[in-house]
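Letter by letter, the chains look like this.
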Amino acid sequence: MVRFARKEDYEAINALRAPVCALHSNGYPALFKPVFAKDHQERVLKMMEDPEQDVLVAEENGQLLGFAMVEYIKREETNSMYAVHEAHIVEIGVDETSQGKGIGTALIQAVKDAAKVRGCRSVQLDVWEFNKSALRFYEKLGFVTLRRKMEQVPDET
């Protein structure tokens with residue numbers, strides 16, 4: 001079952017978020033710190049309180065098995081771009097022992113449903129190139145690459 005998170009889910013959500021944090025710090029240690037900082041943990045509470053953001057959880061038999069943190073973005077039309085109203089998945093994760101059982105797919109579907117209710121044009125997310133399993137999962141669900149951000153580190157000589 002996927003539902004909107006409640007404040008009492010805070011600790012369980014962060015227990016699910018901690019491995020995601022570790023995945024990123026291991027995958028790109030030059031950027032991500034190997035600590036799940038208090039301010040990062042508290043972000044989930046701020047998102048629950050913000051009407052332009054949602055936190056969804058997947059629950060089975062009273063146990064949280066996954067989460068999705070979503071922000072809804074609205075930008076006005078400019079001379080060069082049309083107005084934008086989209087859902088952006090900030091973070092998503094499923095307990096490692098529960099992966100491959102449809103929980104991530106159910107969370108994505110719930111995000112799509114919430115986005116549709118809000119009148120969003122699309123659901124978007126960012127994924128790091130080192131996270132090959134996530135890339136495969138999102139592509140399997142029909143996500144496509146819109147743009148690439150590339151990097152080159154200058155020689156230190």
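You'll find the structure just up there.
Residues numbered from 1 in each chain as written. Predicted model: local features only at pLDDT ≥ 70, side-chain atom pairs only at ≥ 80, totals over all residues. Heavy atoms only, no water.

Undergrad: I'm lost on the sheet that holds strand β1 (residues 2-4) in this one. Help?
TA: As a general point, the strands of a sheet are linked pairwise by backbone hydrogen bonds and lie either parallel or antiparallel. Across the sheet, 5 strands lie side by side as β1-β2-β3-β4-β5; this open sheet has mixed pairing. Two strands lie at the open edges of the sheet, namely β1 and β5 (122-125), each paired on one side alone. Sheet twist, expressed as the mean angle between neighbouring strand axes with direction ignored, is 30 degrees. Of the pairings in the sheet, the one linking β1 to strand β2 (residues 53-60) comprises 3 bridges and is antiparallel in character. Within the sheet, the bridge partner assigned to V2 lies in β2 and is A58. (Pairing = 2+ DSSP bridges. Helix = DSSP H or I, 4+ residues; strand = E, 2+ residues; numbered from the N terminus. Axes fitted to C-alpha atoms, helices over the stretch in contact; angles between N-to-C directions.)

Undergrad: Just checking my understanding: could you explain the side chain of S25 for this structure?
TA: Within the secondary structure layout, S25 lies in helix α1 (residues 10-27). Classification of S25 as buried rests on a relative accessible area of 8%. Apart from the residues within four sequence positions on either side, S25 is in contact with F32, K33 and P34. (Buried < 20%, exposed > 50% of the residue type's maximum accessible area, 1.4 Å probe, protein only. Contact = heavy atoms within 4.5 Å.)

Undergrad: Honestly, the packing of aromatic side chains in this entry has me stumped. Any pointers?
TA: Note on aromatic pairs: each is described by the distance of the centres and the angle between the planes. All chains considered together, the criterion is met by 5 aromatic pairs. Their ring planes at 70 degrees and their centres at 5.8 Å tell us that Y138 and F143 sit as a pair that is edge-to-face. By the ring-pair criterion, three or more aromatic residues cluster together here, those being Y28, F32, W128 and F130. (Phe/Tyr/Trp six-rings, centres within 6.5 Å; stacked < 30°, edge-to-face > 60°.)

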